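So you can see what is in the structure, the chains are spelled out below.
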Amino acid sequence: MSLRIISQPFSEIKYDSYSSLKWIHKALFLTDLLSYFSEKIFSATEVSRSKPYPDIFLYAAEKMGFSPKDCVVIEDTPTGVRAGVDAGMTVFGYAELINPEKLRAVGASVVFNDMKLLPKLLDQQNQPFINSGK
């Protein structure tokens with residue numbers, strides 16, 4: 001999936017991880033994604049408590065000037081989903097490699113298994129009403 005097709009402004013897209021900032025920068029550089037995140041990369045090494053605590057999500061939202069309720073977290077583990085929920089954010093569970101029910105059970109409001117679906121899911125998240133067309 002390409003980030004170019006997501007209609008959300010890139011100023012609202014951030015990357016956070018358990019990993020060190022050096023490792024994150026290297027991984028994003030090697031995958032040609034670094035330019036999409038620039039100054040919006042956060043590591044659990046920047047907060048006192050890592051997941052399962054929501055600190056990294058709250059820190060990133062604060063640094064970017066957003067209220068937690070206006071943020072969407074995409075997580076692929078029950079621990080990460082729980083941290084996002086505890087931060088007061090909407091959480092999408094990415095279930096390519098995990099049983100979707102494990103993510104839903106800890107609070108993921110949307111669960112999906114194909115990153116190609118993410119742009120549409122984000123667009124739908126911003127709509128107050130989705131009409132099936134019937």
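Before reading further, recall that the structure is shown in the block above.
Heads up: these notes are all about the structure in this document. (Residues numbered from 1 in each chain as written. Predicted model: local features only at pLDDT ≥ 70, side-chain atom pairs only at ≥ 80, totals over all residues. Heavy atoms only, no water.)

**Thoughts on the pattern of salt bridges**
(1) Moving on: According to the stated counting rule, one finds 5 salt bridges in the structure shown.
(2) Moving on: Residue glutamate 75 is joined to lysine 51 by a salt bridge in which the shortest nitrogen-to-oxygen separation is 2.5 Å. A residue pair is termed long-range when its members are at least 10 positions apart, and glutamate 75 in strand β3 (residues 72-75) and lysine 51 in the loop between β2 (41-43) and α3 (55-64) qualify at 24 residues.
(3) Moving on: By relative accessible area, glutamate 75 is classed as buried at 8%.
(4) Moving on: Lysine 51 gets classed as buried once you look at its relative accessible area, which sits at 13%. (Salt bridge = Lys/Arg side-chain N within 4 Å of Asp/Glu carboxyl O. Helix = DSSP H or I, 4+ residues; strand = E, 2+ residues; numbered from the N terminus. Buried < 20%, exposed > 50% of the residue type's maximum accessible area, 1.4 Å probe, protein only.)

**Observations regarding the sheet that holds β3**
(1) Moving on: Spatially, the 3 strands line up as an open sheet ordered β3-β4-β5, and their pairing is parallel. The open sheet has two edge strands, β3 and β5 (110-112), and neither has a second partner. The mean inter-strand angle of the sheet, taken between neighbouring strand axes irrespective of direction, is 20°.
(2) Moving on: One ladder, built from 3 bridges, connects strand β4 (residues 90-94) with β5; its direction is parallel. The partner of glycine 93 across the bridge, within β5, is valine 111. (Pairing = 2+ DSSP bridges. Axes fitted to C-alpha atoms, helices over the stretch in contact; angles between N-to-C directions.)

**So, the packing of aromatic side chains**
(1) Moving on: If you walk through the whole model with that rule in mind, you get 2 aromatic pairs.
(2) Moving on: Ring geometry for phenylalanine 42 against tyrosine 59: centres 5.8 Å apart, planes inclined by 90°, an arrangement best described as edge-to-face. Of this pair, phenylalanine 42 sits in strand β2 while tyrosine 59 sits in helix α3, and the two are 17 residues apart along the sequence.
(3) Moving on: Arranged with centres 5.3 Å apart and planes meeting at 45°, the rings of tyrosine 94 and phenylalanine 112 form a pair that is tilted. (Phe/Tyr/Trp six-rings, centres within 6.5 Å; stacked < 30°, edge-to-face > 60°.)

**Quick notes on the pairing of β4**
(1) Moving on: Burial analysis of β4 places 4 of its 5 residues in the buried class, which makes it a mostly covered element.
(2) Moving on: Bridge count for β3 against β4 is 4 bridges, and the pairing is parallel. Bridge pairing links valine 72 to threonine 90 in β4.
(3) Moving on: Note that the unit made of β3, helix α4 (residues 78-86) and β4 has a crossover that is right-handed.
(4) Moving on: Assessed by its sense of winding, the connection that carries the chain from β4 through helix α5 (residues 100-105) to β5 is right-handed. (Right-handed = clockwise from strand over helix to strand, strands pointing away.)

**Re α4**
(1) Moving on: Those residues of α4 not exposed but buried are Gly80, Val81, Ala83 and Gly84. Taken end-on, α4 shows its buried residues confined to a sector of 160°, consistent with a single buried face.
(2) Moving on: Of the surrounding secondary structure, the elements contacted by the buried residues of α4 are α3, β3, β4 and α5.
(3) Moving on: Glycine 88 lies just past α4 and shows a positive phi near 85°. (Arc of directions from axis to C-beta. Contact = heavy atoms within 4.5 Å.)

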